[in-house]
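# Chains, contacts and geometry: an overview
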Amino acid sequence: MRRAFITGITGQDGSYLTELLLEKGYEVHGGVRRTSTLLRSRIDHLYHDPAIYNRRLFLHYADLEDPTTLRRALTKAAPDEVYHLASQSHVGLSFEIPESTCDVIAMGTLRLLEMLRDLPRPPRLFFPSSGEVFGRPAVFPQDEDTPVAPVNPYGCAKAFAMQMVRVYREAFGLFGVQRHHVQP
């Protein structure tokens, strides 16, 4: 049985991915932040299903800003694949909390890459970038040759993370793929 670890499992994309992977027979592990509320509405139906939760779906307290919790969760899960979806994803808010945005997205991704690199069997990594890394591009649609020129803290953080995935792939042989989500 393949094992997947999802950062951002309680978000919209993470919850849909969880359902898809469970349908495909995966064991799914997810990192969840410890917050003042335990509501996880997007995955509640899975969390409360005794045939799934703690059998094929496992949640671990793990925060991209807390390396110890993330390292422990990854070590315990021993995933074959990591889907790194966690992010502060509100572009406008990134101007209000730029340091937090960069810590979660840029440095959180770097922390994750370092941890994956240190695992005995480094898993495959999927990292979704963002069209925000292109800023105000002159060419549509964007492709691999479009210059990276973000115009907000969110885009800058995503660009840093995207480049670090490439660096770790080239320098350390880490299997890392990226996809840009570009709004039409």
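Now for a description of the structure that goes with this document. (Residues numbered from 1 in each chain as written. Predicted model: local features only at pLDDT ≥ 70, side-chain atom pairs only at ≥ 80, totals over all residues. Heavy atoms only, no water.)

### Some remarks on the packing of helix α5 (residues 98–118) against helix α6 (residues 153–172)
Where α5 contacts α6, the two axes come as close as 8 Å, and the packing angle between them is 10°. Our classification of the angle between α5 and α6 gives roughly parallel. When the axes of α5 and α6 are compared, the crossing they make is right-handed. Packed against α5, whose contacting residues are P98, T101, C102, I105, A106, T109, L110, L113, E114 and R117, the element α6 presents P153, Y154, A157, K158, F160, A161, M164, V165, Y168 and F172 at the interface. (Axes fitted to C-alpha atoms, helices over the stretch in contact; angles between N-to-C directions. Helix = DSSP H or I, 4+ residues; strand = E, 2+ residues; numbered from the N terminus. Parallel < 35°, antiparallel > 145°, perpendicular 65-115°, else oblique. Left-handed = near helix turned anticlockwise from the far one by under 90°. Contact = heavy atoms within 4.5 Å.)

### Things to note about the environment of F172
Tracing the backbone through its elements, the reader meets F172 in helix α6. Through-space distance from the C-alpha of F172 to that of R117 is 7.6 Å; in sequence the pair is 55 residues apart. In contact with F172, not counting residues within four places along its chain, are R117 and V167.

### As for the packing of helix α3 (residues 67–77) against α5
Two elements in contact, α3 and α5, have axes separated by 10 Å at closest approach and are oriented at 40°. Like other packed secondary-structure pairs, α3 and α5 cross with a definite hand, here right-handed. Facing α3, whose interface residues are P67, L70, R71 and L74, α5 presents R111, L112, M115, L116 and D118. Across the contact of α3 with α5, the residue classes tally to six nonpolar, no polar and three charged. (Nonpolar A, V, L, I, M, F, W, Y, C, P; charged D, E, K, R; others polar.)

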